[in-house]
Amino acid sequence: MIVGVLVELSNKNVDKVFDYRVPKEFEKKIKIGIRVKVSFGHMELIGFILDIKKEDNRELKEILEILDKEVILNEELLALGRIMQKETLCTLISAYQAMLPKGYKASRKTNVNKKIYTYVKLNNYKEQGKLSASALKIIEYVKKSGPVLRSVVNKISKSSVDTLIKKEILTCYDQEVYRLENTQEKGSKQYELTRDQKKVVDEVLNDQEPSTYLLHGVTGSGKTEVYMELIDHYLKLKKEAIVLVPEISLTPQMVSRFKKRFGSNIAVLHSALSDGEKYDEYRKIVRGEVQIVIGARSAIFAPFCHLGIIVIDEEHTASYKQENNPKYNAIDIAIKRSQYHHCKVLLASATPSLEDYARAQKKVYKLLHLPKRINNRELPKIEIVDMNKAIRKSKNGFSLELIQAIQDTINRGEQVLLLLNRRGYSSFISCSSCGYVEKCPNCDISLTYHKTSNTLRCHYCGYGTKVNEVCPHCKEKALKQMGMGTEKIEEIIPKLFEQARVIRMDFDTTSKKGAHEKIINAFKNKKYNILLGTQMIAKGLDFEDVTLVGVINADTSLNIPDFRSSEVTFQLLDQVAGRSGRKDKNGKVIIQTFNKDHYAIKYAKDHDYIGFFNTEMMVRRQLSYPPYYYITYVKIMSKEYSLASKESMKIGNYLKKKLTSSIILGPSVCNVFRINNTYRFGIIIKYKNEDQLYKALETLIEHYKSNSKIKIDIDFNPNSL
Ligand code: ADP
Ligand code: ZN
């Protein structure tokens, strides 16, 4: 018997199946989709079996070891990986690895495994001679408690436990335990659905086709109840459900609502879990112990065999697309899987991505609506503060209007959400004498001051350095902190407001495991009355007592030179505004901006998604951007400036020659030209229909695959340029 093995190395040069002979004694255990150990060059590697072939007389190396009893990659996932390879031009192995938690990947380095506990239990036994006092005590203990961890009774007397086992009075056995306990949550409040909610549910259930739906539901319209109702339906048909949530910060809330309704029938998969925990959660799915998975992007690959529905919450979120290879989009994968399973895909958002809403208009997706908040609660009133005028009377970036509103809200005993989409203390450090700006030595980007650690840090490469006393350029003692980040606001707030109790949630305060949950719970339980944060706090959170949302600076995302910057700004503002006044009290929102006339801000003020959509579609049409054109972005990177420049010119010319139905822009330097001492050029390919695209790009990859000095990176439908 001969098998084709795909080894763990993700390299275009070895991105194919290699044949190995199976020793006789292994033959019975061979299945497609299991892992094996093979020797490869001078290494021993792990790989997946992808083919089983007839014996022939070639001289081949033998398989060294079989690692799995059960299939890791089933037929569906194997096929899905091939599609990913084709559509994103990634290596096949990287597609498979992306589907699996660490403990299941093909990797010689992982040692994630089952967590095993050793238990003892009592046998039926006859009295055998005299037992020591401690032995009797142990027997009493186990009689009362039932099977118990060996380590517990060892504490009474280890030698007596050994003796009891030897005399066969106790039996000792191993059992796998899950690292995350499947806690039940009480207090199920199953609401009677509103007419609108019911209509959405019925539309999905009465539709016999395996369709994709786009649910456009304003913030607080009860989308989560709709998900649960639909899922309940499929669970009763013995089918399964995947729920994707965009950020770790939202997972606990979603999980808690689901647990109240579905008990322990849920596995959770997101990046804040340890490798061991992910492994266990994954095993719950593999063993068929749960019917629901809630998780981030990669949970889309959950190896269910009877999918009934896939729900993608906050579907417009950029993180559903993986930034590094394989650059897959979880929404595409969901639709691919739905075709295999004949199941439903429900995309939902208050601010659907432009592309997806356009698709719904063209009836590629079926459009569903939840136009009103639950109980007809009004959407919060949004006030725009023109900072061009307000800045003179403002204090530390807070306009008088915002100061007054925050103080009033605190005085009423209610809560405030404050958004500033910039972490750190100040945005950059500049010399007021010579204009010098402290920059990262590895990247073309200014350094951010972090007061907690008293360092300057690069948000691109992680470089950190001590703060200079004097300007390294002119030697004057004139270095000044410019702009503000969340750290600084956190420091200012208690000085501006009486009785303010502020908690900060951003990348820097949430690096520890469980930190998100802790912050959210502490705020929910009223230990704090102001939650300050970056875009992390904008989405999905449901706090009853938040009646004021303040946006300190709406311009941070607007000023990024990218074709999506208006869309991202509108989404961010609409989402964060949606956190205000969700329960019984009316909410208010104050947005500070230097661009009060920008349409993204004007439409956000009126909660007018459709208005924004129409205007932005016009802009995109004029500039030939998605959804009117597809975009593929080719990045050319090298540590050597001249090489990067020369090769990108060559590539640009090549693409212009080959892709005659496309608009080709560039090469030009990337937004951040240098990151980690690597120079980056970009070429934008815009097209509606380009049948030569894959062929040309594959040729490029092929041409450069053995060139260690040049890296080519290809991104189809990029989130940003
Ligand atoms: P969305 O996800 O659309 O922002 P949620 O699902 O969080 O909205 O719902 C907003 C609030 O309304 C939640 O507190 C939820 O418990 C409540 N809610 C949802 N559906 C109903 C209903 N049918 N009746 C009463 N309250 C509901
Ligand atoms: Zn850097």
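The shown structure was predicted, so the numbers you read here are calculated from the model rather than taken from an experiment.

### Observations regarding the site of ligand 1
Here's step 1: With respect to spatial proximity, 18 residues lie near ligand 1, and among them Glu-192, Gln-197, Gly-220, Lys-223 and Asp-542 are the closest.
Here's step 2: Gln-197 places a polar side-chain atom, nitrogen or oxygen, 2.8 Å from a nitrogen atom of ligand 1.
Here's step 3: Here Lys-223 contributes a side-chain N or O atom positioned 2.9 Å from an oxygen atom of ligand 1.
Here's step 4: Relative to its unbound accessible surface of 560 Å², ligand 1 loses 88% to contact with the protein.
Here's step 5: Broken down by element, the shell around ligand 1 gets its largest block of residues, three residues, from helix H7 (residues 223-236).
Here's step 6: Taken together, the residues that form the shell around ligand 1 break down as four nonpolar, seven polar and seven charged.

### Topic: the environment of Leu-548
Here's step 1: As for its placement among the helices and strands, Leu-548 is situated in strand E25 (residues 546-551).
Here's step 2: Looking at Leu-548, the relative accessible area reads 1%, which means it is buried.
Here's step 3: Ignoring sequence-local partners within four residues, the contact set of Leu-548 consists of Ala-405, Ile-406, Thr-409, Gln-415, Val-416, Leu-417, Ser-580, Lys-588 and Ile-590.

### Describing the packing of aromatic side chains
Here's step 1: What the rule picks out here adds up to 24 aromatic pairs.
Here's step 2: Ring geometry for Tyr-641 versus Phe-681: centroids 6.4 Å apart, planes at 50 degrees, classification tilted. In this pair, Tyr-641 sits in helix H20 (residues 641-658) while Phe-681 sits in strand E29 (residues 678-687), placing the two residues 40 residues apart along the sequence.
Here's step 3: Tyr-641 sits in the partly exposed class, given a relative accessible area of 45%.
Here's step 4: The rings of Tyr-357, Phe-570, Tyr-599, Tyr-609, Phe-612 and Phe-613 are connected pair by pair, giving a single aromatic cluster.
Here's step 5: The ring of Tyr-173 is capped by Lys-121, whose NZ or CZ atom sits 5.4 Å from the centre of that ring.
Here's step 6: The residue whose ring lies beneath Lys-688 is Tyr-629, and the NZ or CZ to ring-centre distance is 4.8 Å.

### Notes on the pattern of salt bridges
Two side chains bearing opposite charge may form a pair once their charged atoms approach each other closely.
Here's step 1: Throughout the structure, instances matching the rule amount to 46 salt bridges.
Here's step 2: A salt bridge links Glu-383 to Lys-588; the shortest N-O distance between them is 3.8 Å. On the criterion of sequence distance, the pair formed by Glu-383 in strand E16 (residues 381-386) and Lys-588 in strand E26 (residues 588-593) is long-range, its members being 205 residues apart.
Here's step 3: Relative accessible area serves as the criterion here: at 32%, Glu-383 is assigned to the partly exposed category.
Here's step 4: Among the ionic contacts, a cluster of salt bridges with common partners joins Asp-19, Lys-53, Asp-56 and Arg-58.

### Topic: the side chain of Gln-571
Here's step 1: With respect to the element layout, Gln-571 can be found in helix H17 (residues 565-577).
Here's step 2: On the accessibility criterion, Gln-571 (9% relative accessible area) is buried.
Here's step 3: For Gln-571, the side chain forms a polar contact with the main-chain oxygen of Thr-351, separated by 3.5 Å.
Here's step 4: If we skip the residues at most four places from it in the chain, Gln-571 touches His-316, Thr-351, Pro-352 and Ser-353.

### Topic: the sheet that holds strand E9 (residues 212-217)
Here's step 1: A sheet is described by the order of its strands in space; here seven strands give the open sequence E11-E12-E10-E13-E14-E9-E15, paired in parallel fashion. Sheet topology places strand E11 (266-269) and strand E15 (366-370) at the edges, where each strand pairs with a single neighbour. Across the sheet, the mean angle from the axis of one strand to that of its neighbour is 20 degrees, orientation sign disregarded.
Here's step 2: With five bridges joining them, E9 and strand E14 (residues 344-349) adopt parallel strand pairing. Its bridge partner lying in E14, His-216 is registered against Ser-349.
Here's step 3: Its contacts with the sheet put helix H8 (residues 251-262) on strand E10 (240-244), E11 and strand E12 (292-295), and the angle it makes with E12 is roughly 160 degrees.

### Some details on unusual backbone geometry
Here's step 1: Cis peptide bonds are those with omega within 30 degrees of zero, and the linkage from Pro-626 to Pro-627 qualifies with 5 degrees.
Here's step 2: Within the element layout of this structure, Pro-627 appears in the loop between helix H19 (609-622) and strand E27 (630-638).
Here's step 3: Within the chain, Asn-376 stands out as a residue other than glycine whose phi angle is a positive 55 degrees.
Here's step 4: Taking relative accessible area as the criterion, Asn-376 reaches 57% and is therefore assigned exposed.
Here's step 5: Not every positive phi belongs to a glycine, and Asn-676 is a case in point at roughly 50 degrees.
Here's step 6: Note on placement: Asn-676 falls in the loop between strand E28 (663-675) and E29.

### Thoughts on the confidence of the model for the protein chain
Here's step 1: Here the protein chain averages 91 in pLDDT, while 98% of its residues score no lower than 70.
Here's step 2: Put simply, strand E22 (residues 479-482) is where the protein chain has its lowest mean pLDDT, 81, and strand E13 (residues 307-312) is where it has its highest, 98.

Conventions adopted
Residues numbered from 1 in each chain as written. Chains lettered and ligands numbered in written order. Predicted model: local features only at pLDDT ≥ 70, side-chain atom pairs only at ≥ 80, totals over all residues. Heavy atoms only, no water. Near = heavy atom within 4 Å. Polar contact = N/O pair within 3.5 Å; in protein donor to acceptor, adjacent residues only side chain to side chain. Areas by Shrake-Rupley, 256 points an atom, 1.4 Å probe, with all protein chains shown as cover. Helix = DSSP H or I, 4+ residues; strand = E, 2+ residues; numbered from the N terminus. Nonpolar A, V, L, I, M, F, W, Y, C, P; charged D, E, K, R; others polar. Buried < 20%, exposed > 50% of the residue type's maximum accessible area, 1.4 Å probe, protein only. Contact = heavy atoms within 4.5 Å. Phe/Tyr/Trp six-rings, centres within 6.5 Å; stacked < 30°, edge-to-face > 60°. Lys NZ or Arg CZ within 6 Å of the ring centre and 35° of its normal. Salt bridge = Lys/Arg side-chain N within 4 Å of Asp/Glu carboxyl O. Pairing = 2+ DSSP bridges. Axes fitted to C-alpha atoms, helices over the stretch in contact; angles between N-to-C directions. pLDDT = per-residue confidence, 0-100.

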